[in-house]
Amino acid sequence: MKRVITYGTFDLLHYGHINILRRAKELGDYLVVVLSTDEFNWEQKQKKCYFTYEQRKMLLESIRYVDLVIPETSWEQKKTDVYEYHIDTFVMGDDWTGKFDFLKDEGVEVVYLPRTPEISTTQIKSDLNQ
Ligand code: C2G
């Protein structure tokens, strides 16, 4: 059983998010999604989510590729997460390339996948504002 993990805010869920979740799941048998809490988003990423953590969690749990959703409350939790959830592979979009290579020292495969072009939560918000 190969276990994969990925992190994110996943606000205003869109096909770019689905693309990364599908490809992450293709790398193993079990996918853990670590979902940024509202506090973490605001304090650490200055992101004000449209959907609350519970709403974003419910949406993610309805996706066939997702096996478990847990909260992301700090930048530092990745090292413990990969142990606690017996993770083999860590996946993020390539906007994060290099940022999490330290996880290789924990024996975790680190994979950065190409982002889906032309779609982002920010883009959706600005398009809707026009
Ligand atoms: N993503 C993508 N293509 C897009 C938009 C997003 O592949 N068009 C990917 C991102 O690269 C990321 C995931 O979808 O891997 C979630 O994106 P966000 O919700 O924007 O997450 P982010 O703010 O990057 O948070 O500790 C890591 C952070 O929690 C990551």
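Residues numbered from 1 in each chain as written. Predicted model: local features only at pLDDT ≥ 70, side-chain atom pairs only at ≥ 80, totals over all residues. Heavy atoms only, no water.

### Quick word on the site of the ligand
Lining the immediate environment of the ligand, one finds 21 residues, of which Lys47, Glu72, Asp95, Thr116 and Ile119 sit closest. The contact in question runs from an oxygen atom of the ligand to an N or O atom on the backbone of threonine 9, over 3.0 Å. Side-chain polar atom of lysine 78 to an oxygen atom of the ligand: 2.8 Å apart, as the coordinates give it. Computed on the free molecule, the ligand has an accessible area of 630 Å², of which 95% lies beneath the protein chains in the complex. Elements with a minimum of two residues in the shell around the ligand: strand E1 (3–8), helix H1 (15–26) and strand E4 (89–93). The greatest single-element share of the shell around the ligand, amounting to three residues, is contributed by H1. Across the shell around the ligand, the residue classes tally to seven nonpolar, eight polar and six charged. (Near = heavy atom within 4 Å. Polar contact = N/O pair within 3.5 Å; in protein donor to acceptor, adjacent residues only side chain to side chain. Areas by Shrake-Rupley, 256 points an atom, 1.4 Å probe, with all protein chains shown as cover. Helix = DSSP H or I, 4+ residues; strand = E, 2+ residues; numbered from the N terminus. Nonpolar A, V, L, I, M, F, W, Y, C, P; charged D, E, K, R; others polar.)

### Quick notes on the side chain of serine 120
Summarising the element assignment, serine 120 is placed in the loop between strand E5 (109–113) and helix H5 (121–129). In this structure the side chain of serine 120 is engaged in a polar contact, spanning 2.9 Å, whose partner is the backbone nitrogen of glutamine 123. With residues up to four places along the chain from it excluded, the contact list for serine 120 reads His14 and Arg115. (Contact = heavy atoms within 4.5 Å.)

### Overview of the environment of glutamate 118
Along the chain, the position of glutamate 118 falls in the loop between E5 and H5. What makes glutamate 118 exposed here is its relative accessible area of 72%. If we skip the residues at most four places from it in the chain, glutamate 118 touches Tyr15 and Gln123. (Buried < 20%, exposed > 50% of the residue type's maximum accessible area, 1.4 Å probe, protein only.)

### Structural notes on the sheet that holds E5
One open sheet accounts for five strands, arranged E3-E2-E1-E4-E5; its pairing is parallel. A strand with exactly one partner marks an edge of an open sheet, and here the two such strands are strand E3 (68–72) and E5. Each strand of the sheet is rotated relative to its neighbour by a mean of 25°, with strand direction disregarded. With six bridges joining them, E1 and strand E2 (residues 30–36) adopt parallel strand pairing. Across the sheet, residue threonine 6 finds its bridge partner in E2, namely valine 33. Here helix H2 (residues 38–45) sits on the sheet and contacts E1, E2 and E3; the angle it forms with E2, its principal contact strand, is near 60°. Sitting on the sheet, helix H3 (residues 53–61) touches E2 and E3, and the angle it makes with E2 is about 165°. (Pairing = 2+ DSSP bridges. Axes fitted to C-alpha atoms, helices over the stretch in contact; angles between N-to-C directions.)

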